[in-house]
Amino acid sequence: MSDDALAERVRSHLAKLYPGADLDALVPAAIAAAGIDASTPEPPAQRWTSSDAVLISYGDSVIDGERPPLQVLDELVAKHLAPVISVVHVLPFNPYSSDRGFSVIDYDAVDPALGTWDDLDALGRSVDLMADLVCNHASSQSAWFQQFLADTEPGRSFFMTAAVDADVSSVVRPRNLPLLHPYETAAGTRHAWCTFSADQVDLDYRNPDVLLAMIRVLDRYVSHGARFVRLDAVAYLWKELGTSCIHLPETHEVIRLWHTLLAARAPEVCIVTETNVPSEENLSYFGNRDEAHMIYNFSLPPLIVDALLSGRADRLRSWMMQMPPAPPGCTYLNFLASHDGIGVRPAEGLLSDDEISLLVGCAEDAGGLHGTYDAPGGPRPYELNVSLWDLLEPAQFVCAHAIMFGVEGIPAVWINSLLTQSNDRESADRSGVRRDITRARVHLEDAVDVLADETSPRGRASSELLRLLEIRSDQPAFDPGATQFTLQLGPDLFAFWRQSRDRTQSIFAVHNCTADHTQLDLHTLNLITTDNWRDLISGTQLHPGQATIDLEPYQSVWITNA
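Everything numeric in this text was worked out from a predicted model, so none of it was measured.

(A) Structural context of the overall build of the protein chain. Broken down by element type, the protein chain carries 17 helices and 24 strands. Relative to its length of 562 residues, the protein chain is compact, with a C-alpha radius of gyration of 24 Å against a globular reference of 24 Å. Its C-alpha atoms give the protein chain principal-axis dimensions of about 80 × 55 × 50 Å. Looking at the 562 residues of the protein chain, the share that counts as buried comes to 59%. Of all intrachain contacts in the protein chain linking residues separated by at least 6 positions in sequence, the fraction that spans at least 24 positions is 70%. Surface summary for the protein chain: the accessible area is close to 21,000 Å², and the carbon and sulfur share equals 50%. The averaged location of the 77 negative side-chain charges in the protein chain is 2 Å from the averaged location of its 40 positive side-chain charges.

Next comes the structure, spelled out in structure tokens:
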């Protein structure tokens, strides 16, 4: 893209966001903030392959009590998880005041409790790095907000405010706390907009200086090696009174602008949108291949859990049959659990209210908790805060991951799931933060012991997840862009067919979602002949003329011709 073409494209984005603004000044300011020089690098021939897998972790999820946690995480990944893990998503690593990092005080710094920029750079040399751009809000302890309180620039106009009696009844929120919070400022009492908490004050993107400031943060992350940038809570970015303040056109336009700037600055960098909303709304963030390169597959976790706990795959199958393939150059980020637990709002319309309530009950029976959000009819379940290891039996736990590893997209594993950690109810009770139940810090020695232990259920499960990822990494049919078809094999089995881009490899992934033994009729797979077909997971070769495969409870098979 030429300089003129880039400037014109940036101008078109900014004109939609700021009609009447001085675009002659704003356009070059945005390009400069993004760190774009005169030359545009060549885009990668291929952004991802079947060998890509993501580890989701806090910077201090693994500790040893002596070294900076980022160095400890680097050692765990480099010595024990590579090359199976190719990407590490380090959750917010800036200094923060609350919400375990998602209330950023200083975007220019790495939290000293985690390490330094050099430690983050070193991790980025071991694996690809995914960084969180906490773009919707900033900490009430940030310099910007202190300027807001002092009524000085630039922060005085950096935050969204509204009159205390403003009608905000149509605003969609993931929390049931007050939306407007009063703060005493040098200019008098002002009511700041707080989508998440009073410590997380929403930035006002109607001010173009806020946009420029966040573009500079984006550039800083890219300069330190981030190949993936996760846009946290981006659905709420732009607010207008009288609207739902979620998924507004201006929000999509900001993402398109960032997409354009990254394509010129570092075309290998991928935008990942975090939008924990029902499936159709989530899919909108692909845009016209000009917004997110990757979206979280938020409906997948509750549907997989539902299938395994109910012993019925029909809801999961029906959803997957309706899911469109990701647009060319885009893909899904698949996961089962994360630092936020297991979201159930994305299952709305896919599971009935009673079925969602059953999931909530199962989480509570497993020693977990759950959160709610405000809806017009009253509070509704928002997420399950429970260890996946405690929620599922060991065989179910492995089967759930086998499903997730096989479907279209890139798999992401929460570090506490990989290390088969149980509920940390003590931490949640002590902090009063229900999400802390799945965020236990693990000592490096204990983490290594789990990964090396072949005798305990925990160790065997961890080893099996890594083994499945290793098998997956060599299969062209598991490439994120490979063809996928959902198969109809009855209520007990969840199955799909993946075919490589060059059509040379097929994999039939079949999963027994029940506690019973069952048989897979090979004729239903249309193999034509069973010669030269085998199960990648067990290593079993199919015999010529073989008609069936016996499946153990919760067993998975990846049957391939290659």
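Still more to cover.
(B) How the structure looks around the pattern of salt bridges. Following the criterion strictly, the structure yields 33 salt bridges and no others. Of the charged contacts in the structure, one is a salt bridge between Arg315 and Glu355, with a shortest N-O distance of 3.2 Å. Of this pair, Arg315 sits in helix α10 (residues 314–322) while Glu355 sits in helix α11 (residues 353–365); the two residues are 40 residues apart in sequence, bridging distant segments of the chain. Its relative accessible area of 11% is what places Arg315 among the buried residues.

(C) Main features of unusual backbone geometry. In this structure, the amide linkage connecting Ala82 to the following residue, Pro83, adopts the cis form with an omega of 0°. Position of Pro83 relative to the elements: it lies in the loop between α3 (69–81) and β3 (87–90). Here the bond from Glu153 into Pro154 is cis, since omega is 0°, no more than 30 degrees from zero. Note on placement: Pro154 falls in the loop between α5 (143–150) and β6 (180–185).

(D) Structural detail: the environment of Gly124. You can see Gly124 is positioned in helix α4 (residues 117–126). The spatial distance from the C-alpha of Gly124 to the C-alpha of Gly225 is 6.0 Å, given a sequence separation of 101 residues.

(E) Focus on the nonpolar core. Formed by 173 residues in total, the largest nonpolar core has its most connected members in Trp258 and Trp558. Looking at which element gives the most residues to this core, the answer is helix α6 (residues 208–223), with ten residues. Counting 16 residues, the second-largest nonpolar core is a separate cluster that includes Leu525, Leu527, Leu551 and Val557.

(F) Representation of the sheet that holds strand β10 (residues 270–273) in the model. The parallel closed barrel is built from eight strands, whose spatial order is β1-β3-β4-β9-β10-β11-β12-β16. Each strand axis lies, on average, 25° off the axis of its neighbour in the sheet, ignoring direction. When strand β9 (residues 226–232) meets β10, the two strands line up parallel, connected through four bridges. Of the residues in β10, the one forming a bridge with Leu231 is Thr273. With respect to the sheet, helix α7 (residues 249–265) is in contact with β4 (128–134), β9 and β10, its orientation differing from that of β10 by roughly 160°.

(G) Looking closely at the side chain of Asp232. Mapped onto the secondary structure, Asp232 falls in strand β9. Judged by its relative accessible area of 7%, Asp232 falls in the buried class. Dropping the residues within four chain positions of it, Asp232 is found in contact with Phe102, Asp132, Leu133, Val134, Cys135, Asn136, His137 and Glu274.

(H) Structural context of α4. Residues of α4 that are buried: Trp117, Asp119, Leu120, Asp121 and Leu123. Those residues of α4 hidden inside the fold are in contact with α3, β3, β4 and α6. Structurally, the start of α4 carries an N-cap: the backbone nitrogen of Asp118 is 3.2 Å from a side-chain oxygen of Thr116.

(I) The side chain of Thr185, seen in detail. Along the chain, Thr185 turns up in strand β6. What makes Thr185 buried here is its relative accessible area of 11%. For Thr185, the side chain forms a polar contact with the main-chain oxygen of Gly188, separated by 2.6 Å. With sequence-adjacent residues up to four places away left out, Thr185 is seen in contact with Phe148, Leu149 and Arg190.

(J) Expanded view of the pairing of β4. Taking burial as the measure, the seven residues of β4 include six buried ones, the bulk of the element. Note that β3 and β4 share four bridges and pair parallel. Pairing of His89 across the sheet is with Met130, part of β4. Between the parallel pair β3 and β4, the chain is carried across by α4, and the sense of this crossover is right-handed.

(K) A look at the pairing of strand β14 (residues 369–373). Of the two faces of β14, only the one carrying Leu369, Gly371 and Tyr373 is buried; His370 and Thr372 on the other face are not. Count of turn residues in the β14/strand β15 (residues 380–385) antiparallel hairpin: six residues, of which Gly378 carries a positive phi of about 115°.

(L) Highlighting the packing of helix α9 (residues 300–310) against α10. The geometry of α9 relative to α10 is characterised by a closest axis approach of 8 Å and an angle of 150° between their N-to-C directions. By the criterion of interaxial angle, the relationship of α9 to α10 is roughly antiparallel. When α9 is examined against α10, the residues Leu300, Leu303, Ile304, Asp306, Ala307 and Ser310 are found in contact with a partner set consisting of Arg315, Leu316 and Trp319. Among the residues making up the contact of α9 with α10, the classes are represented as six nonpolar, one polar and two charged.

(M) Spatial organisation of the sheet that holds strand β20 (residues 506–512). Taken together, five strands build an open sheet; the order of strands is β18-β19-β20-β24-β22 and the sheet is antiparallel. One side of each edge strand has no neighbouring strand; the edge strands of this open sheet are β18 (483–487) and β22 (534–535).

(N) Expanded view of the environment of Asp24. Looking at the secondary structure, you find Asp24 in helix α2 (residues 23–33). On the basis of relative accessibility, which here comes to 57%, the residue Asp24 falls in the exposed class. In the structure, Asp24 is positioned 13 residues away from Arg11 in sequence and 8.5 Å away in space, judged by C-alpha atoms.

(O) Spotlight on α6. The end-to-end C-alpha separation of α6 is 23 Å, in line with the 22 Å expected for 16 residues at 1.5 Å each. Every buried residue of α6 is accounted for by Val210, Leu211, Leu212, Ala213, Met214, Ile215, Val217, Leu218, Asp219, Tyr221 and Val222. The residue sitting at the N-terminus of α6 and contributing the capping side-chain oxygen is Asn207; that oxygen lies 2.9 Å from the backbone nitrogen of Asp209. Where α6 ends, the next residue or the one after it, Gly225, has phi of about 95°, a positive value.

What counts as what
Residues numbered from 1 in each chain as written. Predicted model: local features only at pLDDT ≥ 70, side-chain atom pairs only at ≥ 80, totals over all residues. Heavy atoms only, no water. Helix = DSSP H or I, 4+ residues; strand = E, 2+ residues; numbered from the N terminus. Rg over C-alpha atoms; globule rule 2.2 N^0.38 Å. Buried < 20%, exposed > 50% of the residue type's maximum accessible area, 1.4 Å probe, protein only. Contact = heavy atoms within 4.5 Å. Areas by Shrake-Rupley, 256 points an atom, 1.4 Å probe, with all protein chains shown as cover. Lys, Arg positive; Asp, Glu negative; His and termini not counted. Charge placed at Lys NZ, Arg CZ, Asp CG, Glu CD. Salt bridge = Lys/Arg side-chain N within 4 Å of Asp/Glu carboxyl O. Core = buried A, V, L, I, M, F, W, Y, C linked by side-chain atoms within 4.5 Å. Pairing = 2+ DSSP bridges. Axes fitted to C-alpha atoms, helices over the stretch in contact; angles between N-to-C directions. Polar contact = N/O pair within 3.5 Å; in protein donor to acceptor, adjacent residues only side chain to side chain. Right-handed = clockwise from strand over helix to strand, strands pointing away. Parallel < 35°, antiparallel > 145°, perpendicular 65-115°, else oblique. Nonpolar A, V, L, I, M, F, W, Y, C, P; charged D, E, K, R; others polar. Expected span 1.5 Å × (residues − 1).

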